[in-house]
Amino acid sequence: MKDRTNLTLSRRSLLKGMAAAGAASILPCRLLTPKEAIAAGFDPNEYQTFRNACPRNCYDTCSIKTYVQDGVIKYIEGAPESTYTKGGLCVKGYSYPRRVYSPDRIKYPMIQDGRRSGKWRRISWDDALDRIAKKILELKETDGNLLGMGLTKYSGNFSITSYGVEGMMSSLGYTTRFVGTPCWPAGIDAQNYDLGDMWCNDPEDMVKSKYIILWGVNPAWCAVHSMKYIQEAKRQGAKVLVIDPIFTQTAAKGDVFWQPKPAGDGALALGMAKHILDKGLVDNDFVNSHAVGFNEFADYLNNNITVEWAAEESGIPAQEIRQIAEEFATADPATIWIGYGMQRHTNGGASVRSIDALVAMTGNVGKEGGGARYGHLQTWGFNYHAMIQSPPEGSVGFSGAAARGEFDFTEGDKSSYSDRTVNINKTAQEILDIKDPSLKLFWVACKNPFAQDFDRPKMERAFDTIDLVVSAEQFFTETVANSDIVLPVTTLFEEWTVNVSYWHYWMGINEQAIKPLHEAKSNLEIAAALSKKLNSLSPGSCTFQEELTTEDWTAKEFNQGIYDYFGIKDWKDLKNGPVKAKLKSSASWSDKKFGTPSGKYEFKSEICAEHGHKALPEFKEGRKAYDKFQLLTPHTQFALHSQFANLDWMKEFNKEPFVYMHPAAAAAKGIKDLDMVRVFNKVGEQKVKVKLTDNVSKDCLIMYEAWYGKNTDFNVQNLVDDESADMGAYKAGAPGAAIHGQFADIEKA
């Protein structure tokens, strides 16, 4: 921004918001002086206000109120109309204005003379699209199809119209798609086997809970708006147990903290279940009237599980397991929030099934304030107009069925051809393995594979086999460095779309608050422009609409079902603020009619067995250690994968990455606090400073996943391989990734 006064005001807004979010306590003291803490006078009548919604891959999907003056964003806040967002944003959300106006933003199409050379040249949109279009036509001419063109896209933008990227690919013909998700697939499959769908209670009803177990989830960092419901439940007498291999800020706010061995979650849940069974604390009405297979599950527990065994496997003392199990079973209602991190293991899906069973056998499924909370897609019933596009007539593709992701709500193509689908969690290996035809053109959108996908050294080798890599991005990420052409895309404030959550039940419109900066275009506009270019070169080669507005295409996503579910008559009603779904009950499965083949909760799932797993929620051992320390790479508070941490505002209080290590383990290695160390394993190595803390166990190393921008080579994917989780292919199209089933050693550099 040119006006430094405006910059100061916006930065104060960030700090003010951080204080509200509880993050100000970590700021350097110089930023907490009274002079800096006083906000400038603010009269909302001096601004135009717009409604926005954060499209990032996050539980909270915040509704935002944006204040604009003279075409410039001056201030943002959480939408006060949403009882979930309730006027506040997280620390990442408050930094959005800086993201929009960052001098590091990609401003126009560019071409790189040699990958990783950094020799970027500005080119026109027409030149960029001409080069891309001619490559597409060349592939069709050479291969007789477009399977040599691949798309990887996921969580950088989860707005509904962002699925226009997939629509663009479909409008070109049949291509190669990287499907699945590194995020939550093993747990999705587990809940589908047990309940028939992934469907969680309204998070706002946690205030009704008498006992809350936060299992492998850190909402104090990653779902800040849910913390107020947990805290309110505590004030009303609820007990909160936090289970996590790291002593997190959430753990600090709990009543009890358990630090189990990583991947020991399933054993812990089964040990609790065995004790509940032994003490006669099973909810017999639920297991007899609303479930099938409980007797077989009870036999399995009696014949295979003891509390002492569970204590040995998990590292939690047997007496504590017994005490907590009894407290959980006798509280009414009691709930477990199952985090996504705990299912990122080779036994993650089996572990989630064991936790589901614990909730079900105590009768807490279908109960307000209860539930095995994981996520939901109940509010995602849009038209997917942007996504559903037809291939040009005569297109040739892959013969056979294509795998489909968890957000693919389409009915599928009825033709004899389909896209070629490969596992997104093995992106590097799939690129190297794909043949007939091999991948020659790769389109990357809403994703930064070099920061988010696995085995970075192999990823570099894989990208080097591709003729042309095109990234649609906002910043010069490492993926862009490994691309040939980069196209600047708009931020959420520069386009229209609509957003819903996979956690809460609010929907928010995203208005275009400002004109697109520089030469940025939305993904929809890029698709339309590419279509126009292609059809000018080869008429009929692309079916995507050539002229459109993001507002018109946002309107096309709504239907009567959405209107009825949210109680609105028209999508424009959302301009007055976000709306919440009209729920019959805050509890999922409140009618006890489950989506399983039996219509009941299935302790014993035949579908699960058909898919090669155990029919019962039996114990499955985690990945065998292949190095000295377990390596965990969770999300940091200050970034969402590779987003936000690169902003200069964030770097004021999150300047550099560290590896976190227990002091006793460090002493045994001769390592001191803030030493530069080398973390290494069979995948690669990473040099980084070490911080010593007893928040981690002696046998673990913690490195938070983030991208710090230019002038740093930090990347946790130098140490994470692409080992699969046990489940995920059923509903997400590909197995999950054992992100936390990793091991490494460390030495002083």
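One can find the structure itself at the top, above this paragraph.
Residues numbered from 1 in each chain as written. Predicted model: local features only at pLDDT ≥ 70, side-chain atom pairs only at ≥ 80, totals over all residues. Heavy atoms only, no water.

### Observations regarding the overall build of the protein chain
Of regular secondary structure, the protein chain possesses 27 helices and 29 strands. Compactness check: the protein chain gives a C-alpha radius of gyration of 25 Å against a globular reference of 27 Å for 749 residues, within 12% of the reference. Each principal axis of the C-alpha atoms in the protein chain carries an extent, and together these give about 75 × 70 × 60 Å. For the protein chain, the proportion of its 749 residues judged to be buried stands at 63%. At a minimum sequence separation of 6, the contacts of the protein chain that also span at least 24 residues come to 75%. (Helix = DSSP H or I, 4+ residues; strand = E, 2+ residues; numbered from the N terminus. Rg over C-alpha atoms; globule rule 2.2 N^0.38 Å. Buried < 20%, exposed > 50% of the residue type's maximum accessible area, 1.4 Å probe, protein only. Contact = heavy atoms within 4.5 Å.)

### Comments concerning the side chain of asparagine 52
The topology assignment puts asparagine 52 in strand β1 (residues 48–53). Of the residues examined, asparagine 52 reaches a relative accessible area of 2% and is grouped as buried. Here the side chain of asparagine 52 touches glutamate 511 through a polar contact of 2.9 Å, landing on its backbone oxygen. Among all residues touching asparagine 52, those that are not within four sequence positions of it are Cys62, Ser63, Ile64, Thr66, Leu492, Phe493, Ile509, Asn510, Glu511 and Ala513. (Polar contact = N/O pair within 3.5 Å; in protein donor to acceptor, adjacent residues only side chain to side chain.)

### Examining the sheet that holds strand β8 (residues 211–215)
On the basis of which strands lie adjacent, the open sheet formed by five strands has the order β10-β9-β8-β12-β13 and parallel pairing. The sheet is open, and its two borders are formed by β10 (256–258) and β13 (372–373), each paired with just one other strand. Sitting on the sheet, helix α9 (residues 227–235) is in contact with β8, β9 (239–243) and β12 (334–338), with an inclination near 145° to β8. Most of the contacts of helix α11 (residues 265–278) go to β8, to which it runs at about 155°, and overall it touches β8, β9 and β10. (Pairing = 2+ DSSP bridges. Axes fitted to C-alpha atoms, helices over the stretch in contact; angles between N-to-C directions.)

### Details of the state of the cysteines
Taken as a whole and judged by the stated rule, the model has zero disulfides. Cysteine 446 takes part in no disulfide bond, and the closest cysteine sulfur to it belongs to cysteine 54, at a distance of 13 Å. For cysteine 446, a relative accessible area of 11% translates into the label buried. (Disulfide = S-S within 2.5 Å.)

### Re the packing of α11 against helix α16 (residues 348–361)
Contact geometry for α11 and α16: axes closest at 8 Å, N-to-C directions at 25°. As far as their axial angle goes, α16 and α11 are roughly parallel. Here α11 and α16 pass one another in a crossing that is left-handed. Here Asp265, Gly266, Ala269, Leu270, Met272, Ala273, Ile276 and Leu277 of α11 lie close against α16, whose contacting residues are Ser351, Ser354, Ile355, Leu358 and Met361. Residues that form the contact of α11 with α16 fall into these classes: nine nonpolar, three polar and one charged. (Parallel < 35°, antiparallel > 145°, perpendicular 65-115°, else oblique. Left-handed = near helix turned anticlockwise from the far one by under 90°. Nonpolar A, V, L, I, M, F, W, Y, C, P; charged D, E, K, R; others polar.)

### What about the pattern of salt bridges?
Scanning the model with the defined rule gives 45 salt bridges in all. For arginine 177, the salt bridge is made with aspartate 419, and the minimal N-O distance between the two is 3.5 Å. Placement of arginine 177 in strand β7 (residues 176–179) and of aspartate 419 in the loop between β15 (417–418) and β16 (420–423) is noted, with a sequence separation of 242 residues between them. Through salt bridges that share partners, Arg116, Arg456, Glu460, Asp464 and Glu478 make up one connected network. (Salt bridge = Lys/Arg side-chain N within 4 Å of Asp/Glu carboxyl O.)

### Examining the pairing of strand β19 (residues 485–488)
Burial of β19 is two-sided: the residues Ile485 and Leu487 facing one way and the residues Val486 and Pro488 facing the other way are all buried. Alignment of strand β4 (residues 110–112) against β19, held across two bridges, turns out to be antiparallel. The residue bridging isoleucine 111 from the neighbouring strand is isoleucine 485, located in β19. Here strand β18 (residues 468–473) runs beside β19; their pairing, made up of four bridges, is parallel. The residue of β19 that forms the bridge with alanine 472 is leucine 487.

### Side note on the environment of glutamine 191
Assignment of secondary structure puts glutamine 191 in helix α7 (residues 185–195). In this structure glutamine 191 touches Gly196, Asp197, Met198, Trp199, Ile338, Val352, Asp356, Ala372 and Tyr374, once residues within four positions along its chain are discounted.

### Describing the packing of aromatic side chains
In this structure the tally under the stated criterion is 48 aromatic pairs. Here tyrosine 84 and tyrosine 229 contribute two aromatic rings whose centre-to-centre distance is 6.0 Å and whose plane-to-plane angle is 25°, an arrangement assigned as stacked. A residue pair is termed long-range when its members are at least 10 positions apart, and tyrosine 84 in the loop between β3 (72–78) and α3 (91–94) and tyrosine 229 in helix α9 qualify at 145 residues. The class for tyrosine 84 is buried, based on a relative accessible area of 0%. Classification of tyrosine 229 as buried rests on a relative accessible area of 8%. Aromatic side chains tyrosine 174 and tyrosine 417 sit 6.1 Å apart centroid to centroid with 50° between the ring planes, which places their arrangement in the tilted category. Residue tyrosine 174 is located in the loop between α6 (164–172) and β7, and its partner tyrosine 417 is located in strand β15; the two are separated by 243 residues in the primary sequence. The class of tyrosine 417 is partly exposed, set by a relative accessible area of 27%. An aromatic cluster of three or more residues is present, and its members are Trp199, Phe286, Phe294, Phe297, Trp589, Phe594, Tyr601 and Phe603. (Phe/Tyr/Trp six-rings, centres within 6.5 Å; stacked < 30°, edge-to-face > 60°.)

### Quick look at unusual backbone geometry
Residue proline 333 follows aspartate 332 across a cis peptide bond; omega there is 0°. Within the secondary structure, proline 333 sits in the loop between α15 (318–330) and β12. Following aspartate 436, the chain continues to proline 437 via a peptide bond in cis, the omega torsion being 0°. For proline 437, the location among the structural elements is in the loop between α17 (427–433) and β17 (441–445). In this structure, aspartate 70 takes a positive phi of about 55° despite not being glycine. The class of aspartate 70 is exposed, set by a relative accessible area of 74%. Backbone geometry at histidine 641 places phi at a positive 55°, although glycine is not the residue there. Looking at the element boundaries, histidine 641 is found in the loop between β24 (629–632) and α25 (648–651). With a relative accessible area of 12%, histidine 641 lands in the buried category.

### Digging into the nonpolar core
Counting 125 residues, the largest nonpolar core has Trp184, Trp215, Phe297, Met507, Phe558 and Phe603 as the members making the most contacts within it. Residues Ala386, Trp443, Cys446 and Leu534 belong to the second largest nonpolar core, which totals 38 residues. (Core = buried A, V, L, I, M, F, W, Y, C linked by side-chain atoms within 4.5 Å.)

### Digging into α11
Across its 14 residues, α11 extends 20 Å between first and last C-alpha, which sits within 8% of the 20 Å expected from 1.5 Å per residue. Counting buried residues in α11 gives 13 out of 14 residues, a clear majority hidden from the surface. Phi for glycine 280, located one or two positions after α11, is positive at around 70°. (Expected span 1.5 Å × (residues − 1).)

### Re the environment of serine 483
Mapped onto the secondary structure, serine 483 falls in the loop between α20 (478–481) and β19. Sequence separation between serine 483 and aspartate 113 is 370 residues; the distance between their C-alpha atoms is 10.0 Å. Ignoring sequence-local partners within four residues, the contact set of serine 483 consists of Gln112, Arg115, Trp120, Val469 and Ser471. Here the side chain of serine 483 touches serine 471 through a polar contact of 2.8 Å, side chain to side chain. A polar contact of 2.7 Å, which involves the side chain of serine 483, links it to the backbone oxygen of threonine 479.

### Comments concerning the pairing of strand β26 (residues 676–680)
Looking down a regular strand, the side chains alternate between one sheet face and the other. Bridging between β26 and strand β27 (residues 685–692) involves five bridges; their strand directions are antiparallel. Looking across to β27, one finds that valine 677 is bridged to valine 688. Once β26 ends, the chain turns through four residues before running back antiparallel as β27. For β26 and strand β29 (residues 742–748), the ladder comprises four bridges, and the chain directions are antiparallel. Considered in β29, the bridge of arginine 678 is made with glutamate 747.

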